[in-house]
Protein chains: 2
Amino acid sequence: MTDRPESIRLNCPVPHQDPPVIQMAHGGGGRMMRKLVEGFLLPEFQRGTNVESGPPHDSAVLEIEGVRIAFTTDSFVVNPLFFPGGDIGKLAVCGTVNDLAMSGAVPLYLSCALILEEGFPLESLQRIIESMQQTANAIGVRIVTGDTKVVDHGNGDGLFINTAGVGLVKSGLDISPASVRAGDRILINGDVGRHGIAIMSVREGLGFEGALESDCAPLSGLVAELTALGADLHCLRDLTRGGLAAALIEIAEQAEVGIRLDESSIPISSQVGSACELLGLDPLYAANEGRLVAIVSESVADQALAIMQQQTEAPGPALIGRVTGDDSCDVELLNAFGTGRLLDLPSGQQMPRIC
Amino acid sequence: MTDRPESIRLNCPVPHQDPPVIQMAHGGGGRMMRKLVEGFLLPEFQRGTNVESGPPHDSAVLEIEGVRIAFTTDSFVVNPLFFPGGDIGKLAVCGTVNDLAMSGAVPLYLSCALILEEGFPLESLQRIIESMQQTANAIGVRIVTGDTKVVDHGNGDGLFINTAGVGLVKSGLDISPASVRAGDRILINGDVGRHGIAIMSVREGLGFEGALESDCAPLSGLVAELTALGADLHCLRDLTRGGLAAALIEIAEQAEVGIRLDESSIPISSQVGSACELLGLDPLYAANEGRLVAIVSESVADQALAIMQQQTEAPGPALIGRVTGDDSCDVELLNAFGTGRLLDLPSGQQMPRIC
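Cut-offs used in this document
- Residues numbered from 1 in each chain as written.
- Chains lettered and ligands numbered in written order.
- Predicted model: local features only at pLDDT ≥ 70, side-chain atom pairs only at ≥ 80, totals over all residues.
- Heavy atoms only, no water.
- Helix = DSSP H or I, 4+ residues; strand = E, 2+ residues; numbered from the N terminus.
- Rg over C-alpha atoms; globule rule 2.2 N^0.38 Å.
- Contact = heavy atoms within 4.5 Å.
- Areas by Shrake-Rupley, 256 points an atom, 1.4 Å probe, with all protein chains shown as cover.
- Lys, Arg positive; Asp, Glu negative; His and termini not counted.
- Charge placed at Lys NZ, Arg CZ, Asp CG, Glu CD.
- Salt bridge = Lys/Arg side-chain N within 4 Å of Asp/Glu carboxyl O.
- Buried < 20%, exposed > 50% of the residue type's maximum accessible area, 1.4 Å probe, protein only.
- Axes fitted to C-alpha atoms, helices over the stretch in contact; angles between N-to-C directions.
- Left-handed = near helix turned anticlockwise from the far one by under 90°.
- Nonpolar A, V, L, I, M, F, W, Y, C, P; charged D, E, K, R; others polar.
- Core = buried A, V, L, I, M, F, W, Y, C linked by side-chain atoms within 4.5 Å.
- Domains from an automatic or database assignment.
- Patch = residues over 30% accessible without salt bridge, like charges linked within 9 Å, V, L, I, M, F, W, Y side chains within 5 Å.
- Pairing = 2+ DSSP bridges.
- Least-squares fit on C-alpha atoms with pLDDT ≥ 70 in both.

Peer 1: Help me understand the overall build of chain A, please; the structure alone is not making it clear to me.
Peer 2: Within chain A one finds nine helices and 14 strands. On C-alpha atoms alone, chain A measures out to a radius of gyration of 20 Å, which is about the 20 Å that the 2.2 N^0.38 rule sets for 355 residues. With respect to the principal axes defined by its C-alpha atoms, chain A has extents near 55 × 50 × 50 Å. Partitioning the contacts of chain A with sequence separation of at least 6, the portion at a separation of at least 24 is 83%. A total accessible area of about 13100 Å² is found for chain A, and carbon and sulfur atoms account for 47% of it. Measuring between centres, the 23 positive side-chain charges of chain A sit 2 Å from its 45 negative side-chain charges.

Peer 1: Just to check I follow, could you spell out the pattern of salt bridges for this structure?
Peer 2: Where charged atoms of side chains with opposite charge meet at close range, the side chains can pair. Scanning the model with the defined rule gives 26 salt bridges over all chains in all. Salt-bridge contacts for Asp147(A) lead to Lys149(A); the nearest nitrogen and oxygen are separated by 2.9 Å. Relative accessible area serves as the criterion here: at 3%, Lys149(A) is assigned to the buried category. In this structure, Arg34(B) engages Glu38(B) in a salt bridge whose closest nitrogen and oxygen atoms are separated by 3.5 Å. Highlighted residues: Arg34(B) and Glu38(B), both in helix α2 (residues 31–46), separated by four residues, approximately one helical turn. The class of Glu38(B) is partly exposed, set by a relative accessible area of 32%. If you follow the salt bridges from partner to partner, you end up with Asp74(A), Arg241(A), Asp147(B) and Lys149(B) in one network.

Peer 1: How do you make sense of the packing of helix α3 (residues 88–101) of chain B against helix α4 (residues 122–139) of chain B when you look at a structure like this?
Peer 2: Between two packed helices, the angle of one axis relative to the other and the distance separating the axes together describe the packing. All names here are of chain B. Running from N to C, α3 and α4 point in directions that differ by 35°, and their axes come no closer than 7 Å. With respect to the hand of their crossing, α3 and α4 are arranged in right-handed fashion. Of the residues in α4, those touching α3 at Ile88, Gly89, Lys90, Ala92, Val93, Cys94 and Val97 are Ile128, Ser131, Met132, Thr135, Ala136 and Ile139. Its residues assigned to classes, the contact of α3 with α4 shows nine nonpolar, three polar and one charged.

Peer 1: How should I be thinking about the nonpolar core in this particular structure?
Peer 2: Across soluble globular proteins, nonpolar side chains show a tendency to be buried alongside one another. Grouped together as the largest cluster of nonpolar side chains are 50 residues, with contacts concentrated most on Leu114(B), Leu116(B), Leu125(B), Met132(B), Leu159(B), Ile161(B) and Ile197(B). Within the residue set of this core, elements represented by two or more residues are α2 (31–46) of chain A together with α3, β5 (105–117), α4, β6 (142–151), β7 (159–169), α5 (194–204) and α8 (270–279) of chain B. Looking at this core, the element that brings in the most residues is α4(B), giving seven residues. Inspection of this core shows a minimum of three residues originating in each of domain 1 (58–168) and domain 2 (177–343) of chain B. Ignoring anything within four residues of it in the chain, the contact list for Leu116(B) reads Ile22(A), Leu36(A), Leu125(B), Thr148(B), Lys149(B), Val150(B), Val151(B), Gly158(B) and Leu159(B).

Peer 1: Quick question: what am I supposed to make of a negative patch on the surface here?
Peer 2: Judged by side-chain charge, Glu256(A), Asp326(A), Asp327(A) and Asp330(A) come together as a negatively charged surface patch. Looking at the element boundaries, Asp326(A) is found in the loop between β12 (318–324) and β13 (331–334).

Peer 1: Please clarify how the sheet that holds strand β1 (residues 60–64) of chain B should be interpreted in this entry.
Peer 2: Backbone-to-backbone hydrogen bonds join strands into a sheet, with any given pair of strands oriented parallel or antiparallel. Strand order across the open sheet formed by five strands is β1-β2-β7-β5-β6 (chain B), with mixed pairing between neighbours. Pairing within the sheet leaves two strands with one partner each, and these edge strands are β1 and β6 of chain B. Going across the sheet, the axis of each strand differs from the next one's by a mean of 20°, ignoring polarity. Note that β5(B) and β7(B) share nine bridges and pair antiparallel. Paired with Ala113(B) across the two strands is Asn162(B), which belongs to β7(B). Against the sheet, α2(A) engages β5 and β6 of chain B, with an angle of about 145° to β6(B).

Peer 1: Got a minute to help me understand the relation of the copies chain A and chain B in this structure?
Peer 2: Superposition of the two copies of the chain requires a rotation about an axis together with a shift along that axis. With an RMSD of 0.0 Å, the operation that places chain A on chain B is a rotation of 180° combined with a shift of 0.0 Å along the axis. In symmetry terms, the pair is related by a two-fold rotation axis. In terms of proximity to the rotation axis, the leading residue of chain A is Gly156(A), whose C-alpha is 2.3 Å off the axis. When the interface residues of chain A are mapped onto chain B, 99% of them again lie at the interface, so the same face is used by both copies.

Taken by themselves, the reported measurements are silent on function.
Given below as structure tokens:
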């Protein structure tokens, strides 16, 4: 035997558990997932290479024969497969298109890999594939390659979908945390928490499902308009697992800046607000699938807001905060009385299998 | 309600079953999987586009700003996760690298998306990730983007891995069934059936596991040498689910040619032969993960064989047959007495969850 158990113990993101195993929270977008990814998976994937990769971003930007290609992947395990405002198919297209868009890329091509469980109804599969194709057509991306696997009944959960995506990054753009500067303004394109709360409402059998729909939507159109801001567009991040809070905490840490948010300016619908009270959840940490934050130079903040208002059907694009001059890596939320509290990454997760 | 149940019935790859559901054979590489993919999934993915895609090949070849990019995806659900000669991690890297190589691409970048089941041992995850990284380093590809999802205990099977891949296709190459011509020679780079039979032997508890190892290996190095044959290299296909038989039947149908094989020239190890007799399996239909057929002009057949012999550690690169002048789409196997039998795609599958 090797000394593996010992080395594992050192890397283990779950202290005090022996032997260490995967827990639901490792997929939740919080601190445990970050430890697994940044403390374990990324170092493994860099072992033996001479590559020091930067902090993980939504997609990798690669230069192939002088052409800048964005490349990303996402698996979708959402439960239930159909939910108010969408389904796993729409989610699988939007999720990967949005990851490409966050690096400023124009999404071009997607792959689609299905893991089907024996006994899964073909009628449901047809609805989901139709939904993928309709969403892809509306965005203008093509699903060009795929794979189909079947696992025996009891060893899957109906359907898991992986989509990987390839996009084109125009030269001159460097949309990443590294471009964030003190004084930058932070904007959001709509109200937060819809996707997570819509899914949790279905699971918990809450009554207002009908009115409360996921915000699941492609963001590539909006991003195409925002890239017209050129070098004043510093960073984009879609607000998926972990919600607005996790996204801004990650950006603050990666950019080594402080962020100050004005709580009253963060748009939250009354339904999401009520559901969160009922379920004991915080909308700032709830998943979104059609929301992004844009961090821009102060000089173009109004212009960015106007673009968001033009491009967004949802209510409430808003200027929600700014980047401060300190390098605290803190995200501070100021309430209406000017009192601040620091946002922290949750250790585990609020909501399992949200995407 | 819509008329969906009726339209489904028409598309249904499983007649006489109502409501139609996914069966294990839909993932087996045989006729049922082809009906699902070609009769149902591909038409859906072309709906609303003006694209008529050709027959499905191992990867899509895309032109982005004048650069030819190969793009492919594969999910891996192999059971068991560790097997003689490899593990799911090595398989996930080789499988996608090989799909890229089959279009003549130089594999460059991979994604890695993990679907982990709650309770999965981190020690096993570490071994698998190490295996992925070692394999990737040996090939010279980089794993540059990833995703991690966790599903609750009982709704996964330990670990599923998706890898998507991006490669560069040199201009001038058109390696596809469309390039196959009458008189072409068919070569194989080693003995068939090792991967499938190694996995089945473990599952069935047969004794010779130790000696019988999967052929799981990257084929990109061999393909790089073969592309030196230029336009005389007509088609490449790796022999995964469905084995040598399924691969050649597909090529014959896509190229609209006949294929004649010399049975005695097809290399089969004695262990694979014995195991197949014991298990009632046909080695020509057993999965491989490090074998390809190359279809080349007659004039370069000897040169291609010499390249294979130089590049391959495994015994038995061989010239196994030729493309005939008829357009029967038949694959005929001639035995030592000159008697022929036609190979047919199995309706279901010999081996579930082989990759």
